[in-house]
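If you want the building blocks of each chain, they are given just below.
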Amino acid sequence: MIENLTIEVDDVPAADAFYRALAVGPRVHPAPMTTPLTGFRGYVLGLQASQPADVDALVASALEAGGQIVKEASRSMRRYGATLTAPDGTVVRVSSPARTNAGPASRELEEIVLHLGVDELARTRAFYLERGLELSKRLGRLRVETADGAVGLSFTVREKLARDAGVEADGDRRAHGLILVGGAESFIDPDGFVWVAA
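The shown structure was predicted, so the numbers you read here are calculated from the model rather than taken from an experiment.

Moving on, we come to helix 3 (residues 121–130). Of all the residues in helix 3, the buried ones are Leu121, Thr124, Phe127 and Tyr128. Buried residues of helix 3, viewed axially, fall in a sector of 130 degrees; they line one side. Exposed and oriented more than 90 degrees from the buried face of helix 3 are Ala122 and Glu130. Positive backbone phi, approximately 85 degrees, marks Gly132, located one or two places after helix 3.

In this section: the side chain of Asn4. Along the chain, the position of Asn4 falls in strand 1 (residues 2–9). Residue class for Asn4 comes out buried when judged on its relative accessible area of 16%. Setting aside its immediate chain neighbours within four residues, Asn4 contacts Pro26, Arg27, His29, Ile179, Leu180 and Val181.

Enumeration over the complete set of coordinates arrives at one cavity of 30 Å³ or more. Estimated volume of the largest cavity: approximately 40 Å³. For the lining of the largest cavity, the class distribution of residues is no nonpolar, one polar and five charged.

Looking at the element boundaries, Ser154 is found in strand 10 (residues 152–157). On the basis of relative accessibility, which here comes to 2%, the residue Ser154 falls in the buried class. Separated by 111 residues in the primary sequence, Ser154 and Tyr43 place their C-alpha atoms 9.8 Å from one another. At 2.6 Å, the side chain of Ser154 forms a polar contact with the side chain of His115.

A rise of 1.5 Å per residue sets the reference length of helix 2 (residues 52–64), with its 13 residues, at 18 Å; its end C-alpha atoms lie 19 Å apart and thus fit the reference within 8%. Every buried residue of helix 2 is accounted for by Pro52, Ala53, Asp54, Val55, Leu58, Val59, Ser61 and Ala62. Those residues of helix 2 that are buried lie in contact with helix 1 (12–21), strand 4 (68–75), strand 5 (80–85) and strand 6 (91–96). The first or second residue beyond helix 2 is Gly66, which carries a positive phi of 105 degrees.

Here is what the cut-offs are and how they apply
- Residues numbered from 1 in each chain as written.
- Predicted model: local features only at pLDDT ≥ 70, side-chain atom pairs only at ≥ 80, totals over all residues.
- Heavy atoms only, no water.
- Buried < 20%, exposed > 50% of the residue type's maximum accessible area, 1.4 Å probe, protein only.
- Helix = DSSP H or I, 4+ residues; strand = E, 2+ residues; numbered from the N terminus.
- Arc of directions from axis to C-beta.
- Contact = heavy atoms within 4.5 Å.
- 1 Å grid on protein atoms, 1.4 Å probe; cavity = no way out; pocket = protein on both sides within 12 Å on 5 of 7 lines; lining within 4 Å.
- Points joined across faces, edges and corners; volume = space filled by probe spheres on them.
- Nonpolar A, V, L, I, M, F, W, Y, C, P; charged D, E, K, R; others polar.
- Polar contact = N/O pair within 3.5 Å; in protein donor to acceptor, adjacent residues only side chain to side chain.
- Expected span 1.5 Å × (residues − 1).

Following this line, the structure appears as structure tokens:
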């Protein structure tokens, strides 16, 4: 459903270098800021790599391009990953479900998932179901089933999303500096996320 994301930033060249370092390709586009933002933007950009070595390579490249570590790379029960912030303040989680490396490190991604922080999951579910999205619930999150190559989408309660990412949940609850491009109609969802038809 999501073809690409436009992230509003203060410094387009710096943000472009950062997102290139994360190998997000044509899926993420920095654009000039239209509204000043502070604090948590209400979303996390999730990047999945195939193995821990890939996570480390991507994080190292992102740090060289101006990223800041929020959570050092570590292994949890389900994943190996790290969390960092982009120069524009976007929170990025780079992870892999693999426990061991199967080969040399690469900077290729298997999946990009946008995690949106919402106030009420039930309200969000009803809103997106009306727009024809197929949602599944897993581990307290709503996830949209997506086609290969599209940016994935999940919804989590805002405070939980921020806590899991290791950041404070402060910030404007309605201004996100993010435009989601995809689907057949343009709209603003109940939490202020802006969609533009592809």
